[in-house]
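Here is how the chains run, residue by residue.
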Amino acid sequence: MRAEITSWLKGWIKRSEAEAEGAPDNFAPETPFFAVGDIHGCAGLLEDLLEKLGAVATGEEVCVFLGDYIDRGPDGRGVLARLFDLCQSYPEKVVCLMGNHERMMLDFIDDPAGAGSEWLKFGGLETLQSFGVSADKRWLDSAGSIELANALEAALPSGMQEWLRGLPLQWSSGNMHCVHAAMSPKRHPKAQREQALLWGHPKFFSEPREDGVFVVHGHTIVENASISASRVSLDTGAYKTGRMTAARISTGGCIFLQTES
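(A) Structural view of helix α2 (residues 43-56). Spanning 14 residues, α2 covers 21 Å between terminal C-alpha atoms, matching the ideal 20 Å at 1.5 Å per step. Along α2, the positions that sit buried rather than exposed are Ala43, Leu45, Leu46, Glu47, Leu49, Leu50, Leu53, Gly54 and Val56.

Following this line, the structure appears as structure tokens:
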């Protein structure tokens, strides 16, 4: 099954560009690409969605995952292992961005008794359990957090922590800019603060950009994937709604693809 699913990264199935729908004419990436919304430990939905991407791929696409691979859902370990393998196997075709939940997990490893301890309250317990690290809310003290961080580090497969620390904050093609959460509407895409890219910006949804840039993002759950002003919103809350969404974006074209549990 895995060989069948990943075959779309080697030899893509042809499909007419005329089937693309719903995008404004001024989408202008340099190359067609897929963008995948928040996964949050939903490994089964991810596999189903990868199959759907394969069914519409033409062979040109890069696949960009928008962050938040872990926490809240049951199989953060499985999702990370899958994406880590894809990035190692197809480095020219697969891009994984940093999400705020990946950042929180790394902060927990670095400072489990301090700032990093907040991660345990935002889905970190589910991720620990997926790595075989037993924990519950009774562990939310300094000594317990340090023990959990040490156990998590030991459970991470070789090379995975280094890969996570190197995840980029954004990926761009033409006037399309993929990030996890948001961009400041007034700042150039390359001059954004990490806080906005990972956690959001207060004016992101109320103030459209005026420079022709489109921001493809996750982080904020929407009922349905949508194109609005200068944004493409793709987080449909997989861990709570059972729906995971991606988009295929090309010059003047956009298809939304979704899988449901």
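Having seen the model, we can carry on.
(B) Region of interest: the pattern of salt bridges. Applying the stated criterion to the full structure yields eight salt bridges. A salt bridge links arginine 248 to glutamate 61; its shortest N-O distance comes to 2.6 Å. With a gap of 187 residues between them, arginine 248 in strand β9 (residues 243-250) and glutamate 61 in the loop between α2 and β2 (62-65) connect regions that are remote in the sequence. Residues arginine 248 and glutamate 61 agree in their burial class; the two are buried.

(C) Region of the structure containing the pairing of β9. Extensive coverage of β9 is indicated by the burial of eight of its eight residues. Across the two faces of β9 the burial is the same, with Arg243, Thr245, Ala247 and Ile249 and Met244, Ala246, Arg248 and Ser250 all buried. Looking at chain direction, β9 and strand β10 (residues 253-260) are connected through eight bridges and run antiparallel. Its bridge partner lying in β10, alanine 246 is registered against leucine 257. The loop that links β9 with its antiparallel partner β10 comprises two residues; one of these, glycine 252, has a positive phi angle of about 70°.

(D) Local environment of the sheet that holds β2. Across the sheet, which stays open at both edges, the five strands sit in the order β3-β2-β1-β9-β10 with mixed pairing between neighbours. Edge positions in the sheet fall to β3 (94-96) and β10, since each has one partner strand and no second. Along the sheet, successive strands turn relative to each other by an average axial angle of 20°, direction set aside. Judged from the three bridges that link them, β2 and β3 form a sheet pairing that is parallel. Following the sheet pairing, valine 64 is matched in β3 by valine 95. Helix-sheet contacts for α2 involve β1 (33-36), β2, β9 and β10, and the interaxial angle to β10 is about 145°.

Reading the values: the criteria
Residues numbered from 1 in each chain as written. Predicted model: local features only at pLDDT ≥ 70, side-chain atom pairs only at ≥ 80, totals over all residues. Heavy atoms only, no water. Helix = DSSP H or I, 4+ residues; strand = E, 2+ residues; numbered from the N terminus. Expected span 1.5 Å × (residues − 1). Buried < 20%, exposed > 50% of the residue type's maximum accessible area, 1.4 Å probe, protein only. Salt bridge = Lys/Arg side-chain N within 4 Å of Asp/Glu carboxyl O. Pairing = 2+ DSSP bridges. Axes fitted to C-alpha atoms, helices over the stretch in contact; angles between N-to-C directions. Contact = heavy atoms within 4.5 Å.

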